[in-house]
Amino acid sequence: MGIWSQPQPDSRFVAVEGLRIHYKRAGHGPALLLLHGSASSLQHFDGAADLLSRSYDVIRPDLPGFGLPGPRTDRDYRIPAYAVTVARFVEALKVPRYAMAGSSLGGNIACNLALDQPDRLTGLLLVNATGYPEKAVPASMRLTRNPLLRPVLRRVMPRGAIERSLRSAVDPRSTIVDDALVDRAHQLMNRPGNRSAFVDFCNTDQPDRSAQIPRITVPTLVLRSARLDGQHFARDIPGAAELVHPHGGHLLPEEEPEWVAKAIADFLGSRADTPTH
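The text that follows walks through the structure, step by step, so that each part is easy to find. Bear in mind the structure is a predicted one, so any value in this text is a computation, not a measurement. (Residues numbered from 1 in each chain as written. Predicted model: local features only at pLDDT ≥ 70, side-chain atom pairs only at ≥ 80, totals over all residues. Heavy atoms only, no water.)

To continue, consider the sheet that holds strand β3 (residues 31-35). Two strands in a sheet stick together by hydrogen bonds in their backbones, pointing the same way (parallel) or opposite ways (antiparallel). The strand order β1-β2-β4-β3-β5-β6-β7-β8 describes an open sheet built from eight strands, whose pairing is mixed. Of all strands in the sheet, those bounded by a partner on one side alone are β1 (12-16) and β8 (241-245). Across the sheet, the axes of successive neighbouring strands diverge by a mean angle of 25 degrees, strand direction being ignored. The pairing of β3 with strand β5 (residues 98-103) spans four bridges and is parallel. Counted as the bridge partner of Leu33 is Met100 from β5. Set on the sheet, helix α2 (residues 79-92) makes contact with β1, β2 (19-26), β3, β4 (57-61) and β5; between it and β1 the angle comes to about 115 degrees. Helix-sheet contacts for helix α3 (residues 105-116) involve β3, β5 and β6 (121-127), and the interaxial angle to β6 is about 150 degrees. (Pairing = 2+ DSSP bridges. Helix = DSSP H or I, 4+ residues; strand = E, 2+ residues; numbered from the N terminus. Axes fitted to C-alpha atoms, helices over the stretch in contact; angles between N-to-C directions. Contact = heavy atoms within 4.5 Å.)

What follows is the structure, given as structure tokens:
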């Protein structure tokens, strides 16, 4: 067990659906919920959260199956099930309204909440989000769908494979994939139950709600990297704004935390300055 697979000094826990959800909370101001992607953890937003906590009450949970909470006992890794868990998590913290920023899988979950609980959200921020069926599947996820490899990956997830996956997810010029980042990802993936949870998640048939995305009414900002495609949130969500980073990869909040934090703060701040009458 390494340092990343243990609680940190600022770790907090709350009981939700029979799980001890691990989260961090810092700052003061309007509530802002940050949701990481698959095979990741709340540390995905470390840099951006430090900057955003100067103006916002920043709340970051580990999603079940990733990070510290452990796997779901029902093994239900459908996006709507994650959305229900996140909604109950926020209710447990007694946060009535909040803005939500989601990266990759986190963005998909955020879209589901924007569709199902629009009155709770003050803003929606999608960072290289998923949600359309034509989204390219990373090689690491494709491997888990091989019936011969599946039982092996439940028992062992090699450090080298995790490093290759991380390097393929960032811009070729990025230097963030160092020993510390690989160690963090490897330690968290090898927490009890997390390898099997990842395999289960990758083999879950996800409902396609992309046809409903145009029904989203929450004010939305789409952040994406120029090298990524296949998602159409800015086209389909009425009134959505979009900012494109010229170089970043899929892990944009870790590669460019200052850019992401400024984009979020500018969007939420400009909305706060706009009269509502």
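Continuing now.
The tally for this structure, following the rule as stated, stands at 19 salt bridges. Asp200 serves as the salt-bridge partner of Arg154, at 2.9 Å between the closest nitrogen and oxygen. Of this pair, Arg154 sits in helix α5 (residues 150-155) while Asp200 sits in helix α8 (residues 194-202), placing them 46 residues apart in sequence. According to the relative accessible area criterion, Arg154 is partly exposed, its value standing at 26%. Asp200 gets classed as buried once you look at its relative accessible area, which sits at 12%. The partner of Arg184 in a salt bridge is Glu254, and the shortest N-O contact between them spans 3.1 Å. (Salt bridge = Lys/Arg side-chain N within 4 Å of Asp/Glu carboxyl O. Buried < 20%, exposed > 50% of the residue type's maximum accessible area, 1.4 Å probe, protein only.)

Let us look at the environment of Leu52. Its location among the elements puts Leu52 in helix α1 (residues 46-52). The sequence separation of Leu52 and Phe233 amounts to 181 residues, and the corresponding C-alpha distance is 24 Å. With sequence-adjacent residues up to four places away left out, Leu52 is seen in contact with Leu32, Val58, Ala261, Ile264 and Ala265.

Another aspect to go through is the pairing of β6. The buried fraction of β6 amounts to six of the seven residues, a majority that puts the element mostly inside the structure. Across six bridges, β5 lies against β6 in parallel orientation. Its bridge partner being in β6, Ala101 is matched across the sheet by Leu125. Chirality of the crossover, the property in question, places the unit of β5, α3 and β6 among those that are right-handed. In this structure, β6 lies alongside strand β7 (residues 220-225), joined through four bridges in parallel fashion. Note on β7: the bridge partner recorded for Val127 is Leu223. (Right-handed = clockwise from strand over helix to strand, strands pointing away.)

Phi at Glu17 is positive, roughly 55 degrees, even though this residue is not glycine. Under the relative-accessibility criterion, Glu17 is labelled partly exposed at 34%. Phi is positive for Lys94, close to 60 degrees, though the residue is something other than glycine. Relative to the helices and strands, Lys94 resides in the loop between α2 and β5. The exposure class of Lys94 is exposed, given its relative accessible area of 73%.

Below, the discussion takes up α3. For α3, with 12 residues, the first-to-last C-alpha span of 17 Å sits near the 16 Å given by 1.5 Å per residue. Burial analysis of α3 places 11 of its 12 residues in the buried class, which makes it a mostly covered element. If you check which residues of α3 are buried, you get Leu105, Gly106, Gly107, Asn108, Ile109, Ala110, Cys111, Asn112, Leu113, Ala114 and Leu115. Considering only its buried residues, α3 is in contact with β3, α2, β5, β6, α8 and α9 (233-236). (Expected span 1.5 Å × (residues − 1).)

Looking now at the packing of aromatic side chains. In this structure the tally under the stated criterion is five aromatic pairs. Centre to centre, the rings of Phe66 and Phe201 are 5.8 Å apart; their planes meet at 85 degrees, and the pair counts as edge-to-face. One end of the pair, Phe66, is in the loop between β4 and α2; the other, Phe201, is in helix α8, with 135 residues separating them in the sequence. Each member of the pair, Phe66 as well as Phe201, carries the same accessibility label: buried. Where Tyr82 meets Phe201, the ring centres are 6.4 Å apart and the plane angle is 75 degrees; that geometry is what we call edge-to-face. In this pair, Tyr82 is assigned in helix α2 and Phe201 in helix α8, connecting sequence segments 119 residues apart. Tyr82 gets classed as buried once you look at its relative accessible area, which sits at 0%. Residue Phe201 is classed as buried on the basis of its relative accessible area, which comes to 8%. Feature note: the residues Phe66, Tyr77, Tyr82 and Phe201 constitute an aromatic cluster, connected by ring pairs. The ring centre of Phe13 lies 4.1 Å from the NZ or CZ of Arg20, which sits over that ring. (Phe/Tyr/Trp six-rings, centres within 6.5 Å; stacked < 30°, edge-to-face > 60°. Lys NZ or Arg CZ within 6 Å of the ring centre and 35° of its normal.)

Purely geometric numbers; function is a separate question.
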